[in-house]
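# A look at the structure
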Amino acid sequence: MERSVFAAGLLAWLVAALVTCLWGAPLGHDEAQYALAASDLLGGRPLRWNYLSQGMLAVAVPGVAAGGSELALRVVPLILGVAFLLAAANLARRVTTPSTAAWLVAIMAASIGFAKRNAELLSDMPAAAGLLAGATVLVTELTRTEGPRWRTVLAAPAFAAAFYLRYGSVVPIAVIAVVALVAGWPGIVRRPLPVLATVAAFALLFVPHLLVARELTGAPLGILRQSSAMPVGRYPGVGLFTYVTSNPFTWYGVITTPVLLVGIASIVRVRERRLVMLWVMAIASIVGLGVTSIAQPRYIYFSLVILLVLGIETLKHTSARIAIAALGASYLATFAVIVVGLHQRPARMQHTFAAAAWIRADAAGRPCEVIGRHTTQLEWYSGCPAVLTRAGTSGMRTYVVSDADVQLRAP
């Protein structure tokens, strides 16, 4: 039964990812920005956005080098999405049971919050994979009666990968470290050397970022300061308010939301130390990210996975037939939403992409610039640098894209 549930979830996950890749929907704003930055890197041009993570540039480079098509750019993210799913399953298996891990995979594949993003060129899922892998190591090792083993050091590269893929991961990494220190203190006292080695390894892996930041911004923490300001909320704590007040069924999915709510409430009856640690990590990460940035479901993937694990563990005695029927209906609904979303996204941006195609053909490789909304997508698809105001360079063809038409200001 467990293998069948796991296999069904993995298959559904792969089908959703392949649909996203093969459909060839145009890149979103963030995806286009990563593609442009990777193109600049390959072309030897200066980095325009210091706050973009170096890890995501590495993820985007193969796709740009392979031609820059939507399919090429999303192959590596598809692989990393599978890694995220497996990291989540590994955490569930290590702290609970193989049955919970199998149902976790099945439910994640049925969740619109996960499935519609599992092959997009975004940092959230790959970074969350690193957070889950690192948290799994710390929670399992620091709660051992004999104390942590030397394999604890594996948490360092996992957290470093999460950080280099998404600088915003510094918040959950800090939360995980504090919770591990407090709850795992008896084990740390019993065998401190593996933990000290882990801290030293992470610090060593963090040094290259400090050097790059000092070179680019003049301060070792300059990139983190810039990254923390992107994007900017309307007021402090706007993200947390949004997480609390948004409709969870539209953000996470119909079948996912009840399990998440059970996971939140599970702290009332959970007594196992590892599960309590994970619950605190999940909730504190949501609070920390909500206070420091705007809200998006993809920003809290780490916390969502943990809450799903706790919810499934609490509900594991529910009738399997009922669960399978609900999952089947949810898969159909999720695939329908994904297909409709892929079809509608180009429709919403139809004018922008049509304008970009016209500009590319009209410019025909000549020096050009474009002014308009959706700047990263305009630049990627038109081939002309996007600017806020006309540069006025001699011989430069300037295109202005409005909501109604495209105007050419002849050089």
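### As for the overall build of the chain
Secondary structure summary: the chain contains 20 helices and three strands in total. For the chain, contacts bridging at least 24 residues in sequence account for 73% of all contacts bridging at least 6. Carbon and sulfur atoms form 67% of the exposed surface of the chain, whose accessible area is close to 18600 Å².

### Quick notes on helix 3 (residues 54-65)
Under the 1.5 Å per step criterion, the end-to-end length of helix 3 is 17 Å for twelve residues, consistent within 8% with the ideal 16 Å. Considered for burial, the residues of helix 3 that qualify are Gly 55, Met 56, Leu 57, Val 59, Ala 60, Val 61, Gly 63 and Val 64. At its buried positions, helix 3 is contacted by helix 2 (29-42), helix 4 (70-95), helix 8 (155-165) and helix 20 (375-382). Positive backbone phi, at 125 degrees, marks Gly 67, one or two positions downstream of helix 3.

### Details of the state of the cysteines
Linking two cysteines covalently through their sulfur atoms gives a disulfide. Throughout the structure, instances matching the rule amount to one disulfide. The partner cysteine of Cys 368 in its disulfide is Cys 384, sulfur to sulfur 2.0 Å. Here the S-S torsion is close to -95 degrees, and the disulfide linking Cys 368 with Cys 384 is therefore left-handed. With Cys 368 in strand 1 (residues 368-371) and Cys 384 in the loop between helix 20 and strand 2 (397-401), this residue pair connects regions lying 16 residues apart in the sequence. With a relative accessible area of 8%, Cys 368 lands in the buried category.

### A few points about the packing of helix 5 (residues 98-109) against helix 17 (residues 301-314)
Where helix 5 meets helix 17, the closest approach of the two axes is 10 Å, and the angle between their N-to-C directions is 125 degrees. Our classification of the angle between helix 5 and helix 17 gives oblique. Of the two possible hands of crossing, helix 5 and helix 17 adopt the one that is right-handed. Counting all contacts with helix 5, which are made through Thr 100, Trp 103, Leu 104, Ile 107 and Met 108, the residues of helix 17 involved are Val 305, Leu 308, Val 309, Ile 312 and Glu 313. Residue composition of the contact of helix 5 with helix 17, by class: eight nonpolar, one polar and one charged.

### Description of the pairing of strand 1
Across the two faces of strand 1 the burial is the same, with Cys 368 and Val 370 and Glu 369 and Ile 371 all buried. Note: strand 1 against strand 2, four bridges, orientation parallel. From the neighbouring strand, Cys 368 faces strand 2, where its bridge partner is Arg 397.

### Brief notes about the nonpolar core
Ranked by size, the top nonpolar core spans 81 residues in total, and within it Trp 13, Phe 84, Leu 104, Met 108, Phe 114, Met 281 and Val 305 carry the most contacts. Ranked by size, the runner-up nonpolar core spans 33 residues in total, among them Tyr 34, Met 56, Leu 165 and Cys 368.

### Comments concerning helix 9 (residues 170-183)
Between its terminal C-alpha atoms helix 9 stretches 20 Å, which fits the 20 Å expected from 14 residues at 1.5 Å a residue. Among the residues of helix 9, those classed as buried are Pro 172, Ile 173, Val 175, Ile 176, Val 179 and Ala 180. End-on view of helix 9: buried residues confined to an arc of 160 degrees, all on one side of the axis. Seen from the buried face of helix 9, the exposed residues on the opposite side, beyond 90 degrees, are Val 178 and Val 182.

### Thoughts on unusual backbone geometry
At Ala 364, a residue that is not glycine, the phi angle is positive and equals roughly 50 degrees. With respect to the helices and strands, Ala 364 occurs in the loop between helix 19 (350-363) and strand 1. Phi angles above zero are rare outside glycine, and His 374 is one such case at about 55 degrees. The exposure class of His 374 is partly exposed, given its relative accessible area of 28%.

### Describing a nonpolar patch on the surface
A surface patch of nonpolar side chains, about 470 Å² in accessible area, is lined by Leu 18, Leu 22, Leu 71, Val 75 and Ile 79. For the nonpolar patch, the elements supplying multiple residues, two or more each, are helix 1 (2-23) and helix 4. The leading source of residues in the nonpolar patch is helix 4, at three residues.

### Topic: the pattern of salt bridges
Scanning the model with the defined rule gives 13 salt bridges in all. Note that Asp 40 and Arg 45 form a salt bridge whose closest N and O atoms lie 2.9 Å from each other. Residue Arg 45 is classed as partly exposed on the basis of its relative accessible area of 43%. One salt bridge connects Arg 144 with Glu 141, and the closest N-O pair in it is separated by 4.0 Å. Each member of the salt-bridge network shares a partner with another, and the members are Asp 30, Asp 124, Arg 166 and Arg 298.

### Some details on the side chain of Thr 140
Counting through the fold element by element, Thr 140 comes out in helix 7 (residues 124-142). Setting aside chain neighbours within four positions, we find Thr 140 in contact with Arg 94, Val 95 and Arg 274.

### Re the pairing of strand 2
In terms of residue burial, strand 2 counts as a mostly covered element, since five of its five residues are buried. Neither face of strand 2 is exposed, since Arg 397, Tyr 399 and Val 401 on one face and Thr 398 and Val 400 on the opposite face are all buried.

### Quick look at the packing of aromatic side chains
As enumerated under the stated definition, the model contains twelve aromatic pairs in all. Pairing Phe 84 with Phe 114 gives two aromatic rings, centres 5.8 Å apart and planes at 45 degrees, and the pair type is tilted. Of the two residues, Phe 84 sits in helix 4 while Phe 114 sits in helix 6 (residues 112-115), which places them 30 residues apart along the sequence. Relative accessible area serves as the criterion here: at 0%, Phe 84 is assigned to the buried category. Residue class for Phe 114 comes out buried when judged on its relative accessible area of 2%. Seen in terms of ring centroids, Phe 163 and Tyr 164 are 5.5 Å apart; in terms of plane orientation they differ by 75 degrees. Their pairing is edge-to-face. By the burial criterion, Phe 163 is buried, and Tyr 164 matches it. Among the aromatic residues, those joined into a ring-pair cluster are Phe 163, Tyr 164, Tyr 167, Phe 202 and Phe 206.

Scoring rules and cut-offs
- Residues numbered from 1 in each chain as written.
- Predicted model: local features only at pLDDT ≥ 70, side-chain atom pairs only at ≥ 80, totals over all residues.
- Heavy atoms only, no water.
- Helix = DSSP H or I, 4+ residues; strand = E, 2+ residues; numbered from the N terminus.
- Contact = heavy atoms within 4.5 Å.
- Areas by Shrake-Rupley, 256 points an atom, 1.4 Å probe, with all protein chains shown as cover.
- Expected span 1.5 Å × (residues − 1).
- Buried < 20%, exposed > 50% of the residue type's maximum accessible area, 1.4 Å probe, protein only.
- Disulfide = S-S within 2.5 Å.
- Axes fitted to C-alpha atoms, helices over the stretch in contact; angles between N-to-C directions.
- Parallel < 35°, antiparallel > 145°, perpendicular 65-115°, else oblique.
- Left-handed = near helix turned anticlockwise from the far one by under 90°.
- Nonpolar A, V, L, I, M, F, W, Y, C, P; charged D, E, K, R; others polar.
- Pairing = 2+ DSSP bridges.
- Core = buried A, V, L, I, M, F, W, Y, C linked by side-chain atoms within 4.5 Å.
- Arc of directions from axis to C-beta.
- Patch = residues over 30% accessible without salt bridge, like charges linked within 9 Å, V, L, I, M, F, W, Y side chains within 5 Å.
- Salt bridge = Lys/Arg side-chain N within 4 Å of Asp/Glu carboxyl O.
- Phe/Tyr/Trp six-rings, centres within 6.5 Å; stacked < 30°, edge-to-face > 60°.

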